[in-house]
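Below, each chain spelled out in residue letters.
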Amino acid sequence: MYKEIFKYIKKYNNIVIARHIGVDPDAMASQIALRDSIKLTFPEKKVLAVGNGSTKFSYIGKLDKYEDMENALLILVDIPDKKRIDGVDISKFDFVIKIDHHPFVEDFGGLEYIVDTASSACEILMDIILNTKLECNKEIAETLYYGLISDSNRFLFSNCSPKTFSLVSTYLDMYKFDIAELYKKMYARPLNEVRFEGYIAENMIITDNGVGYIDVTDDIINKYKVDSAAPGNMINNFNFINEVLVWATITEDVKAGLIRISIRSRGPVINTVAEKFNGGGHKMASGARVETFEEAHLLINELDKAALEYIKENKLEESYDN
Ligand code: AMP
């Protein structure tokens, strides 16, 4: 498969690399690292990494403006479903390659390379780059590390395997980047965000079966001077709370005219619940979009049911009797 991916990259002179809407560090890092690796290997090719960015992730690098190009190859990274592709129309491209670590949702009609056991799209790319003639340098290695670290939450999640550590070890050995310096760029944040995190902790509601959730209205977002992506971006910080098995941020996005939900779990499977509410994702990390807080609370009820089943199956009644 790696050889085939490389063959298509070699064949096309115009290449666009896209990913999912609602940019996150793994999505952005994987497209930028792949773009830079292709350009390093084939300087004459035109390669664009496109989609809406976020100033919050500017440490990862710069995205390109989309341009229509003749006879172009589209590479989609970190995206399982067509409806969430950011900024490109698949039908305009000669050929499509998907490189993803989400559970399979739908075929994009080209070359599909899915490793749903990988921690991140960046982990898959580390492997591809290492095993093809695609070139790498210290900067690209750092970009890949950003994405892997973000999606594995610094090796905290069960999506980390011996292969994850082995790839990181190889890249650290080869490119000798300073991980402490990278963490400074990734994790430094303004005080208002920290205060806002305090607001979430203070106001989180916990259901009978250990589902923690918070409704974040536009007024609250404005009061703390954060943006509507902030609650979702900090959701992993609410892991490991004894009384909370599943947790969600429910955020009003007035500009987009919708309610964004980010969900995480320490046990119950949540992506099947998210799928019923215009969402999806991984078993333990999912998201959904709805129109009203009422609809979001229906989702919370479903999560509560899933949590109850999990509690019963695992005989955890005493721990989650809130
Ligand atoms: P987030 O909470 O936005 O970080 O998303 C967690 C995971 O769920 C990521 O893998 C996303 O790609 C996925 N996800 C988030 N929102 C949606 C949605 N509306 N539809 C399908 N998947 C989603």
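Parameters and conventions
- In this convention, every chain numbers its residues from 1, walking through the sequence in written order.
- pLDDT decides what is reported in this predicted model: residues at 70 or higher carry local features, side-chain atom pairs at 80 or more are listed and counted, and totals for whole chains, interfaces and linings draw on all residues regardless.
- Side-chain measures were taken over the full set of non-hydrogen atoms in the model, leaving aside hydrogen atoms and water.
- Segment limits for the domains were obtained from an automatic or database-derived domain assignment.
- Any two residues having at least one pair of non-hydrogen atoms within 4.5 Å are treated as being in contact.
- Computed with a 1.4 Å rolling probe, the buried area is the accessible surface lost when two parts are put together, summed over both parts.
- Counted as salt bridges are all cases of a side-chain nitrogen of Lys or Arg within 4 Å of a carboxyl oxygen of Asp or Glu.
- Each polar contact in these results corresponds to two N or O atoms within 3.5 Å; when the atoms are within protein, one needs to be able to donate a hydrogen and the other to accept it, and residues that are neighboring in sequence are counted only if both atoms are side-chain atoms.
- When residues are grouped by polarity, Ala, Val, Leu, Ile, Met, Phe, Trp, Tyr, Cys and Pro land in nonpolar, Asp, Glu, Lys and Arg in charged, and all others, Gly among them, in polar.
- In these notes, a set of buried Ala, Val, Leu, Ile, Met, Phe, Trp, Tyr and Cys residues joined through side-chain atoms within 4.5 Å is what counts as a nonpolar core.
- Whether a residue is buried, partly exposed or exposed follows from its accessible area with a 1.4 Å probe, protein chains only, as a fraction of its type maximum: under 20%, in between, or over 50%, in that order.

Our focus in this paragraph is the domain arrangement of the protein. Along its sequence, the protein is organised into domain 1 (2-186) and domain 2 (191-313). Centre-to-centre separation of domain 1 and domain 2, based on C-alpha positions: 27 Å. Contacts between the two partners involve ten residues from domain 1 and, on the opposite side, eleven residues from domain 2. For the domain 1 face of the interface with domain 2, the top three residues by lost area are Lys56, Lys83 and Pro103, together amounting to 38%. Taken together, the connections running from domain 1 to domain 2 amount to one salt bridge. Its salt-bridge partner being Lys56, residue Glu193 comes within 3.6 Å of it at the nearest N-O pair. Applying the counting criterion to the domain 1 and domain 2 interface returns one residue pair in polar contact (both at pLDDT 80 or more). Split into classes, the residues belonging to the side of domain 1 that touches domain 2 amount to five nonpolar, three polar and two charged.

To continue, consider the nonpolar core. The tendency in soluble globular proteins is for nonpolar side chains to be buried as a group. Membership of the largest hydrophobic core comes to 51 residues, with the highest contact counts inside it found for Ile38, Ile75 and Ile99. When sequence neighbours within four positions are dropped, the list of residues in contact with Ile38 reads Ile9, Ile15, Ile17, Lys45, Val47, Ile75 and Leu134. Core analysis: the next-biggest nonpolar cluster, separate from the first, contains 24 residues, Tyr213, Ala288, Val290 and Phe293 among them.

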